[in-house]
Amino acid sequence: MKLQRVVVGLSGGVDSAVSAHLLKQQGHEVVGIFMKNWEDDDDSEHCLSNEDFVDAAAVADVLGIEIEHVNFAADYKDRVFAEFLREYQAGRTPNPDVLCNAEIKFKAFLDHAMRLGAQKIATGHYARVRETGGSFQLLKGLDPLKDQSYFLHRLNQAQLAKTLFPVGELPKTEVRRIAADIGLPNATKRDSTGICFIGERPFREFLNRYLQHTPGPIEDDRGRTIGEHVGLSFYTLGQRKGIGIGGLKPQGTARGAARGGADHAPWFVARKQMATNTLVVVQGHGHPWLQSSRLSADDASWVSGHAPAPGRLGAKTRYRQADASGDLDVGSSAAFALRFDAPQWAVTPGQSAVLYDGEVCLGGGVIAAAA
């Protein structure tokens with residue numbers, strides 16, 4: 001590999017730290033950038049950007065590389081968070097990590113790195129890039145438990161041409177081993193979770209600051225009102241915890257026996273009826289209303305720059321699920337439909353349907369509807 005000036009997004013976590021180490025070990029000129037993207041409540045216990053910057057700076061010190069602190073908070077609020085809120089207000093469940101990667105890490109950050117004279121950028125994502133015939137493919141990370149190609153499916157050819165994923169070839173256990181061997185101060189730091197760049201926090205309480213909400217009825221699959229919700233934006237399909245209702249008591253021994261104790265099965269959110277402000281819940285993980293054999297998606301983005309041919313592909317409708325096989329029908333370059341071989345659980349509008357041909361991530365779109 002030609003030696004290059006590579007700007008690494010140092011998050012304070014172990015994956016980006018080891019990425020920077022591997023690149024320096026290969027002989028590249030490595031510069032670190034720490035991205036600050038949220039400052040609405042920077043003093044809160046949930047947003048730990050100051051602590052993360054201290055960790056990132058400590059890593060840079062150990063590795064002997066420069067680090068720059070860059071504030072993209074305005075870009076994040078305009079390009080990611082505003083869309084995040086619009087989707088929730090409309091009753092959908094967005095995936096902020098997908099938008100965050102497309103708009104901040106591989107757009108605002110990439111542009112800034114290029115202004116610093118970088119030939120490439122690098123992040124700690126578990127994915128791979130392969131150049132073939134002058135074009136670039138996005139591949140799954142080799143660690144199946146950590147593969148993050150799902151969150152990167154909106155990257156385009158220009159972005160992939162300038163991107164390196166140094167830990168994409170490694171299992172997470174090896175990344176932690178390397179970090180410990182070279183004495184990185186964050187070798188055992190736990191992985192970050194929560195909203196991209198905002199962090200872990202009580203989600204309903206957080207959304208409550210930004211979204212209008214109107215309480216309404218909770219109905220079961222027979223149309224019986226069994227409770228009251230706090231606002232449809234605060235629920236997602238398949239949700240089990242935090243609905244605020246217990247099991248219904250059986251109305252008569254015979255009926256309870258006939259349902260095989262279903263009255264005590266857990267409740268799941270199955271539908272959100274925006275027109276009537278009604279939350280519909282069902283009992284049991286296997287309820288038919290939680291199963292979908294088809295979906296339609298729009299706002300599609302294709303890694304190659306064009307939609308794949310209709311036919312058999314694998315797809316994920318949520319992170320960490322196994323690829324589900326099915327048939328792709330492309331309506332246009334920006335819309336497609338999928339018909340699955342086996343019903344998929346809690347397919348959720350607003351989430352991403354991401355398509356795969358084996359280890360190659362082809363792109364995907366935003367789920368519009370499922371049936």
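Residues numbered from 1 in each chain as written. Predicted model: local features only at pLDDT ≥ 70, side-chain atom pairs only at ≥ 80, totals over all residues. Heavy atoms only, no water.

It is worth spelling out the sheet that holds strand E9 (residues 225–229) at this point. Read across the sheet, four strands follow the order E9-E8-E11-E10 without closing on themselves; strand pairing throughout is mixed. Only two strands of the sheet have a single partner each, and these edge strands are E9 and strand E10 (267–273). Adjacent strand axes in the sheet meet at a mean angle of 30° when their direction is disregarded. Here strand E8 (residues 216–219) pairs with strand E11 (residues 278–283) via two bridges, running parallel. Bridge pairing in E11 links isoleucine 218 to leucine 279. (Pairing = 2+ DSSP bridges. Helix = DSSP H or I, 4+ residues; strand = E, 2+ residues; numbered from the N terminus. Axes fitted to C-alpha atoms, helices over the stretch in contact; angles between N-to-C directions.)

Our focus in this paragraph is the confidence of the model for the protein chain. Model confidence for the protein chain is summarised by a mean pLDDT of 90, while 90% of its residues fall at 70 or above. Counting interchain partners and residues more than four positions distant, the pLDDT-below-50 stretch residues 249–261 has twelve contacts. (pLDDT = per-residue confidence, 0-100. Contact = heavy atoms within 4.5 Å.)

The topology assignment puts serine 352 in strand E16 (residues 352–357). Assessed through its relative accessible area of 4%, serine 352 is described here as buried. (Buried < 20%, exposed > 50% of the residue type's maximum accessible area, 1.4 Å probe, protein only.)

Here asparagine 277, not a glycine, exhibits a phi torsion of approximately 55°, which is positive. Among the secondary structure elements, asparagine 277 is positioned in the loop between E10 and E11.

Before going further, it helps to spend a moment on the pattern of salt bridges. Inspection of every chain in the model, using the stated rule, returns 22 salt bridges. A salt bridge links lysine 172 to aspartate 15; its shortest N-O distance comes to 3.0 Å. Note that lysine 172 is positioned in helix H6 (residues 172–181) and aspartate 15 in helix H1 (residues 14–25), a separation of 157 residues in sequence. The same class applies to lysine 172 as to aspartate 15, namely buried. Residue arginine 312 is joined to aspartate 327 by a salt bridge in which the shortest nitrogen-to-oxygen separation is 3.4 Å. With a gap of 15 residues between them, arginine 312 in strand E13 (residues 311–316) and aspartate 327 in strand E14 (residues 324–332) connect regions that are remote in the sequence. (Salt bridge = Lys/Arg side-chain N within 4 Å of Asp/Glu carboxyl O.)

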